[in-house]
Amino acid sequence: MNDSAGRTIAAVDLGSNSFHLVVAQMRPDARDFVVIDRLKQPVRLRMGLDDEGRLSPDAKKRALDCLERFGERLSGLRRRDVRAVGTNTLRRAGNSVPFLIRARRALGHKIEIISGREEARLIYRGVARDLGGDGRRLVVDIGGGSTELIIGDGAEPVALDSLEMGCISWTLRHFADGRISRSGFDKAVLAARLKLEAAVPRMRKAGWSSAIGASGTIKAVDKVVQAMLGEPDITPAGLARVVDAVVACRHIERLHLPGLSPERRPVFVGGLAVLCAVFQSLGIQRLTAAQGALREGVLLELIGRLHHEDVRDDTVARLAVRYGVDADHAEMVRQTALCLFDQVREPWGFTNHRHRRLLGWAADLHETGIFVNHSRYHRHGAYLLQHADLPGFSRSDQAALGALVRAHRGSFSADKVAEFYPGRVRPLLRLAVLLRLAVSLHRTRSPLAGDVRLSVTGDDLEISLPEGYLARRPLSSADLDKESGRVRAEGFRLRCTSYTPGDRPSG
């Protein structure tokens, strides 16, 4: 039996409307899971976000209280067995870093902010697991702050889109005073259809044979349709009946529809307007509600990473091919950079495997910018990575990757790294120094002849090469001299020494 069988894993979804925690055990084949516990709290985080992207104190308190409860349930689980992701509201929140630090303490685990397209990809993974089988399908997920549209074939997404409208944002924008009228509802639907305009041609071109709904909004509409009409799916006729019933209530506080929970009532009308727009714009004739969603997709991704099957590796490989990266040279730089990393991992406190992975990916992609122009290619590469769609990467890791590529050559400055990365800069600067050394050592684009030894005391570095190595390679020697001067600007002191081959490294 696989060693991972029975292992407990968990996913946390910090949504704009509700926070969810799913705890699961891996099946005997260690490729799937069985849910053993679920927790949900209607935090309504999006309700506390103002027009300038600031979260209100009340919204923060609701979030932190919820995360403390989740943290209690997660106590005892290893860091690598838990993945927490934040979605639209945390994407939109300006200067969310201080709040995320408090949130991480409350939960006891790192929180990753993911892009809208990454959210869509993970949603599709969760839905595809729930449904199984093949065939092209459209998946619609209406969250609190965004709506994701995905076309997939079997287990693989084909087209992805994320739109800035959800049940809370649309309720606040179009029904802020609580009143519901036919004209007001129609305006909300029209506004949503305008949002959908750019996505509709792509979705129609991809095509689908069945439509699936995943989200609290769609499940709520489905329950109302079943309670009112006894129908198993959502159809245009059923949707129209629900709209008539909602408009007849005339106010959100009077939305006492069969099948509608009190918890869903405050945000139901905004989500319903968005769903009507999706039906009309895409010409959907029948939509089936599914149970799988973002958190199930996160669990599947977590299982893949535990098996060293990381979608981020595939993303980096595809990007390298797309931008014509010299694979042999990138591999040499990667191996040398990781060799240096392993020698300083302990004194530099790199206990998290994340840093080693980031350094390896940055080495793989450090020359992507040459695709644009060799002049200042590190800047071009950083820009490409900053703005590319990188499946599997959180926004934080994507920013860190761009920062490392930006910092791997040219002038060396913490300010330039901070332009890309909002978190702690010093660890990234240390990774960048290692990448710069590896690039310098391979300036001739040839393998190293002998081992490279690196020791550090604080930010003082001593790199030791075989005796006579640099004398025979004046280009690499000049590069290392130049690097010594550049990194000194940020407090790093680099010294080059030599050793006699056969000598055992000190320490």
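In this text, all values refer to a predicted model and were calculated from it rather than measured experimentally.

A few words on the overall build of the protein. For the protein, the helix and strand inventory stands at 19 helices and 13 strands. Its C-alpha atoms give the protein a radius of gyration of 26 Å, near enough to 23 Å, the size a compact globule of 507 residues would have. With respect to the three principal axes, the spread of C-alpha positions in the protein is 85 × 45 × 45 Å. Across the 507 residues that make up the protein, the buried fraction comes to 55%. Pairs at least 24 residues apart make up 70% of the contacts formed inside the protein by residues separated by at least 6 positions. Per element, the accessible surface of the protein, about 22200 Å² overall, is 47% carbon and sulfur. Between the mean site of the 77 positive side-chain charges and the mean site of the 60 negative ones, the protein shows a separation of 3 Å.

The next point concerns the layout of surface pockets. The gaps of empty space that remain are located by a probe, the size of a water molecule, rolled over the atoms. In this structure, the largest pocket encloses a volume near 1400 Å³. Along the wall of the largest pocket there are 42 residues; nearest its centre are Arg-354, Ser-396, Tyr-421, Pro-422 and Gly-423. Of all the secondary-structure elements, those providing two or more residues to the lining of the largest pocket are helix H2 (88–92), helix H3 (97–107), strand S5 (111–113), helix H4 (116–131), helix H14 (353–365), helix H16 (395–407) and helix H18 (426–441). Taken together, the residues of the lining of the largest pocket break down into 18 nonpolar, 11 polar and 13 charged.

Let us look at the pairing of strand S8 (residues 156–163). Pairing geometry for strand S7 (residues 147–153) and S8, over 7 bridges, is antiparallel. Counterpart to Glu-148 in the pairing with S8 is Ser-162. Here S7 folds back onto S8, and the loop between the two strands holds 2 residues, one of which, Gly-154, carries a positive phi near 65°.

Glancing now at the side chain of His-20. Looking at where His-20 falls in the secondary structure, it is placed in strand S2 (residues 19–26). A relative accessible area of 14% places His-20 in the buried class. In this structure, His-20 is in contact with Ala-11, Val-12, Asp-13, Leu-39, Lys-40, Phe-70 and Arg-295, ignoring residues within four places of it in sequence.

Turning our eyes to something else, we now look at helix H15 (residues 377–387). Here H15 has its buried residues at Tyr-377, His-378, Gly-381, Ala-382, Leu-384 and Leu-385. Looking straight down H15, one finds that the buried residues subtend no more than 160° of arc, so they occupy a single side. Set apart from the buried face of H15 by more than 90 degrees, the exposed residues are Tyr-383 and His-387. On its buried face, H15 sits against helix H12 (311–322), H14, H16 and helix H17 (414–420).

Okay, the environment of Arg-495 next. Mapped onto the fold, Arg-495 is located in strand S13 (residues 493–499). Accessibility expressed as a relative area gives 49% for Arg-495, which makes it partly exposed. Residues Arg-495 and Leu-461, 34 residues apart in the sequence, show an inter-C-alpha distance of 6.2 Å. Setting aside its immediate chain neighbours within four residues, Arg-495 contacts Leu-461, Glu-462 and Ile-463.

Further remarks concern the sheet that holds strand S10 (residues 287–289). Here we have 5 strands laid out as an open sheet, ordered S8-S7-S6-S9-S10, and mixed in their pairing. Of all the strands in the sheet, just S8 and S10 have a single pairing partner and so form its edges. Sheet twist, expressed as the average angle between the axes of neighbouring strands with direction ignored, equals 25°. The pairing of strand S9 (residues 210–213) with S10 spans 3 bridges and is classified as parallel. Bridge pairing in S10 places Ile-212 opposite Thr-288. This element, helix H10 (residues 265–282), spans strand S6 (136–142), S7 and S10 of the sheet and lies at about 155° to S6.

Next up on the list: the sheet that holds S2. Backbone hydrogen bonds hold the strands of a sheet together, and the pairing may be parallel or antiparallel. Spatial strand order, S3-S2-S1-S4-S5: 5 strands in an open sheet with mixed pairing. In this open sheet, the two edge strands, each paired with only one partner strand, are strand S3 (33–41) and S5. Across this sheet, the average inter-strand angle for adjacent strands is 20°, counted without regard to direction. Here 3 bridges tie strand S4 (residues 82–86) to S5, and the two strands are oriented parallel to one another. The partner of Val-85 across the bridge, within S5, is Glu-112. Contacts between helix H1 (residues 57–74) and the sheet are confined to strand S1 (8–14), S2, S3, S4 and S5, with S2 contributing the most and set at about 10° to the helix.

This model, assessed by the stated rule, comprises 7 aromatic pairs. Here Phe-341 and Phe-350 contribute two aromatic rings whose centre-to-centre distance is 5.2 Å and whose plane-to-plane angle is 25°, an arrangement assigned as stacked. Judged by relative accessible area, Phe-341 falls into the buried class, the value being 0%. For Phe-350, a relative accessible area of 3% gives the class buried. Between the aromatic rings of Trp-348 and Phe-492, the centroid separation amounts to 6.4 Å while the plane-to-plane angle is 75°, which identifies the pairing as edge-to-face. Of this pair, Trp-348 sits in the loop between helix H13 (327–344) and H14 while Phe-492 sits in the loop between helix H19 (474–487) and S13; the two residues are 144 residues apart in sequence, bridging distant segments of the chain. Summarising the burial analysis for this pair, Trp-348 and Phe-492 share the class buried. Joined through ring pairs, the aromatic side chains of Phe-341, Trp-348, Phe-350, Phe-412 and Phe-492 make up one cluster. Over the face of the ring belonging to Phe-33 we find Arg-129, whose NZ or CZ atom lies 3.8 Å from the ring centre. The lysine or arginine in question, Arg-473, covers the ring of Tyr-469, its NZ or CZ lying 4.0 Å from the ring centre.

Calculation rules
- Residues numbered from 1 in each chain as written.
- Predicted model: local features only at pLDDT ≥ 70, side-chain atom pairs only at ≥ 80, totals over all residues.
- Heavy atoms only, no water.
- Helix = DSSP H or I, 4+ residues; strand = E, 2+ residues; numbered from the N terminus.
- Rg over C-alpha atoms; globule rule 2.2 N^0.38 Å.
- Buried < 20%, exposed > 50% of the residue type's maximum accessible area, 1.4 Å probe, protein only.
- Contact = heavy atoms within 4.5 Å.
- Areas by Shrake-Rupley, 256 points an atom, 1.4 Å probe, with all protein chains shown as cover.
- Lys, Arg positive; Asp, Glu negative; His and termini not counted.
- Charge placed at Lys NZ, Arg CZ, Asp CG, Glu CD.
- 1 Å grid on protein atoms, 1.4 Å probe; cavity = no way out; pocket = protein on both sides within 12 Å on 5 of 7 lines; lining within 4 Å.
- Points joined across faces, edges and corners; volume = space filled by probe spheres on them.
- Nonpolar A, V, L, I, M, F, W, Y, C, P; charged D, E, K, R; others polar.
- Pairing = 2+ DSSP bridges.
- Arc of directions from axis to C-beta.
- Axes fitted to C-alpha atoms, helices over the stretch in contact; angles between N-to-C directions.
- Phe/Tyr/Trp six-rings, centres within 6.5 Å; stacked < 30°, edge-to-face > 60°.
- Lys NZ or Arg CZ within 6 Å of the ring centre and 35° of its normal.

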